[in-house]
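Working through the structure, step by step
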Amino acid sequence: MNKTLAIHGGKPVRETYLPYGKQWIDGNDINAVIATLRGDYLTTGPTIKEFEDKIADYVDAKYAVAVSNGTAALHAACFAAGIKEGDEVITTPITFAASANCALYQRAIPIFADIDPKTYNIDVCDVEKKITEKTKAIIPVDFTGQVVDLNPILKLAEKYHLTVIEDAAHALGTEYRGRKVGSISHMTTFSLHPVKHITTGEGGVITTNDEIFYRKLLLFRTHGITRNENLLENKEEGTWYYEQLALGYNYRITDIQCALGISQLERIDEFIKRRQEIVRKYNEAFAAIDGVIIPHQADFSNSSWHLYILQFELDKFKVDRKELYDALQAENIGVNVHYIPVYYHPYYQKLGYKKGLCPNAERLYERIITLPLFPNMKNKDVEDVINAVKKVLDYFRSVL
Ligand SMILES: *Cc1c(COP(=O)(O)O)cnc(C)c1O
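Residues numbered from 1 in each chain as written. Predicted model: local features only at pLDDT ≥ 70, side-chain atom pairs only at ≥ 80, totals over all residues. Heavy atoms only, no water.

Taken together, 16 residues lie around the ligand, and Gly70, Thr71, Asp167, Ser191 and Lys196 are the ones closest in. Lysine 196 places a side-chain nitrogen or oxygen 3.0 Å from an oxygen atom of the ligand. Residue tyrosine 339 places a side-chain N or O atom 3.2 Å away from an oxygen atom belonging to the ligand. Isolated, the ligand exposes 380 Å² of accessible area, and the fraction of that covered by the protein chains is 91%. (Near = heavy atom within 4 Å. Polar contact = N/O pair within 3.5 Å; in protein donor to acceptor, adjacent residues only side chain to side chain. Areas by Shrake-Rupley, 256 points an atom, 1.4 Å probe, with all protein chains shown as cover.)

Spelled out as structure tokens, the structure:
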């Protein structure tokens, strides 16, 4: 192997760029979409309920509501939980902005609790410290696919009368103490974006065992409008009649998307198995490298693995994360960083959130790089990633 780094003009480890995540579409997926296009319903048809039933069945929840994306799923869950102006909602800063934005959509206030430096998930002790009489909900995130320790969070929720909205965008198929996430928290949200475990192009789902939440989620998805006789305030008008009972949105998903979702769901076991296999290869390759911390997995979590993140003890390399990142990109490895602490974003800074709020999260952010991980990565792709990481680290160690 050519040891000169690509960033210094050497030959990259691979010729073509390897993205960090990507969908896997096969002929059955394509046929399912075509069949829907030839059918009677492009939206508000029977394929949506069929997909919802299959998701509910898969995660062992009573109800599932499919919506236009994972962010809409979080927003709908906040609405169903009754979150409103001035309420506080506790979440983690190491997540995609949507986990906190959903509180802002309801004019509530996101409160950031720090992470556990080992699992990178929200620290339950810090959650309790941040609870006030305004707190309405906790939005823990199953970061990278590793489920947050749900029992202590649900205990806190019971003690302080809070709703737990689990952001499981990374964790479809993950198990908590042998049970799939999706029916353990009061509501669980998933994303069906192409980099997630299964995709509908754009899409999201909320699962719950609570019928009242379920009804509210359905209402919110369609403008807050209902024809359900049991809900109407004026029942006498006539059969054309419907009522808008709340300010909802058009957050509907299409039958076309749900047809793709049904087809994708048939392969989820295969997708997860392959993700886990790649993670084993990565762990084997990186565990013994001095200065590299592989992802810690808590014993209560069996992860379906959305992201694979390496943490670097940067003092052992005398480079910063930016140089490592740029060097790996130059080798044609599509590395990424998950995530910029949410409150670092200018929008949050202007709202008054100050750096220093969550020291563990901020320290982690300086030290992490996400490696490519998706189910149809070939073994050669996995080897290229491993070779590139070793090549780059060897170089930056030798220049110490
Ligand atoms: C992807 C993601 C979302 C949002 O999902 P979209 O479908 O992209 O709207 C929310 N939270 C987390 C943690 C995510 O990774």
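Look at the UniProt record and you will see "modified residue: N6-(pyridoxal phosphate)lysine" (unreviewed entry) annotated at Lys196. Considering the arrangement of structural elements, one finds lysine 196 in the loop between β8 (187-191) and β9 (204-208). With residues near it in sequence (within four places) discarded, lysine 196 still touches Ala169, His170, Ser191, Arg275 and His306. Polar side-chain contacts of lysine 196 include one of 3.4 Å to the side chain of serine 191. (UniProt positions renumbered as here; feature names shortened; annotations may be inferred. Helix = DSSP H or I, 4+ residues; strand = E, 2+ residues; numbered from the N terminus. Contact = heavy atoms within 4.5 Å.)

So, about helix α7 (residues 211-221). Those residues of α7 that fall on the buried side of the exposure criterion are Phe213, Tyr214, Leu217, Leu219, Phe220 and Arg221. Capping the start of α7, aspartate 210 holds a side-chain oxygen 2.8 Å from the backbone nitrogen of isoleucine 212, two or three residues further along. Following α7 by one or two positions, histidine 223 has its phi on the positive side, about 65°. (Buried < 20%, exposed > 50% of the residue type's maximum accessible area, 1.4 Å probe, protein only.)

Attention now goes to the domain arrangement of the protein. Along its sequence, the protein is organised into domain 1 (6-23 + 268-398) and domain 2 (27-265). For domain 1 and domain 2, the distance between their C-alpha centres works out to 28 Å. Taken together, the contact between domain 1 and domain 2 spans 39 residues of the former and 44 residues of the latter. Both faces considered, domain 1 and domain 2 share a buried interface measuring about 3,500 Å² in area, 61% of it formed by carbon and sulfur atoms. It is Ile268, Phe300 and Tyr339 that lose the most area in domain 1 upon contact with domain 2, and together they represent 22% of the buried surface on that side. Run the count over domain 1 and domain 2 and you get 23 residue pairs in polar contact (both at pLDDT 80 or more). Listing elements by their share of the side of domain 1 that touches domain 2, those giving two or more residues are α9 (268-286), β13 (301-302), β14 (308-312), α11 (346-351) and α12 (359-366). Here the side of domain 1 that touches domain 2 gets five residues from one element, more than from any other, and that element is α9. Of the residues contributing to the side of domain 1 that touches domain 2, the split by class is 24 nonpolar, 12 polar and three charged. (Domains from an automatic or database assignment. Buried area = accessible area lost by both parts, 1.4 Å probe. Nonpolar A, V, L, I, M, F, W, Y, C, P; charged D, E, K, R; others polar.)

As for its position among the elements, serine 183 is in the loop between β7 (179-180) and β8. With 198 residues separating them in the primary sequence, serine 183 and aspartate 381 have C-alpha atoms 36 Å apart. Filtering out sequence-adjacent residues up to four positions away, serine 183 remains in contact with Val59, Asp60, Ala61, Thr188 and Asn209. There is a polar contact of 3.4 Å between the side chain of serine 183 and the backbone oxygen of aspartate 60. Engagement of the side chain of serine 183 in a polar contact is seen with the side chain of arginine 179, the distance being 3.3 Å.

Further remarks concern the sheet that holds strand β4 (residues 135-139). Taken in spatial order, the seven strands make up an open sheet running β1-β9-β8-β5-β4-β2-β3, and their pairing is mixed. Each edge of the open sheet is held by one strand with a lone partner, namely β1 (63-67) and β3 (109-112). Here the strands of the sheet are splayed against their neighbours by 25° on average, with no regard to which way each runs. In terms of strand pairing, strand β2 (residues 88-91) meets β3 through four bridges, oriented parallel. Note that in β3 the partner of glutamate 88 across the bridge is isoleucine 109. Together, β2, β3, β4 and β5 (163-167) form the strand contacts of helix α4 (residues 98-105), whose direction differs from that of β3 by roughly 145°. (Pairing = 2+ DSSP bridges. Axes fitted to C-alpha atoms, helices over the stretch in contact; angles between N-to-C directions.)

Before going further, it helps to examine the pairing of β2. Both faces of β2 are covered, namely the face carrying Glu88 and Ile90 and the face carrying Val89 and Thr91. The parallel pair β2 and β3 is bridged by α4, and the resulting crossover is right-handed. When β2 meets β4, the two strands line up parallel, connected through four bridges. Counted as the bridge partner of isoleucine 90 is isoleucine 138 from β4. (Right-handed = clockwise from strand over helix to strand, strands pointing away.)

The next point concerns a nonpolar patch on the surface. Residues Ile25, Ile30 and Ile34 make up a contiguous nonpolar surface patch of about 230 Å² in total accessible area. Structurally, the position occupied by isoleucine 25 is in the segment before α1 (27-38). Exposure remark for isoleucine 25: the relative accessible area of 37% places this residue in the partly exposed category. (Patch = residues over 30% accessible without salt bridge, like charges linked within 9 Å, V, L, I, M, F, W, Y side chains within 5 Å. Salt bridge = Lys/Arg side-chain N within 4 Å of Asp/Glu carboxyl O.)

Helix length check: helix α2 (residues 46-59), at 14 residues, gives a terminal C-alpha distance of 20 Å against a target of 20 Å (1.5 Å per residue), a fit within 8%. Of the residues making up α2, those classed as buried are Thr47, Ile48, Phe51, Glu52, Ile55, Ala56, Tyr58 and Val59. Of the residues flanking the end of α2, it is aspartate 60, one or two places downstream, whose phi is positive at about 65°. (Expected span 1.5 Å × (residues − 1).)

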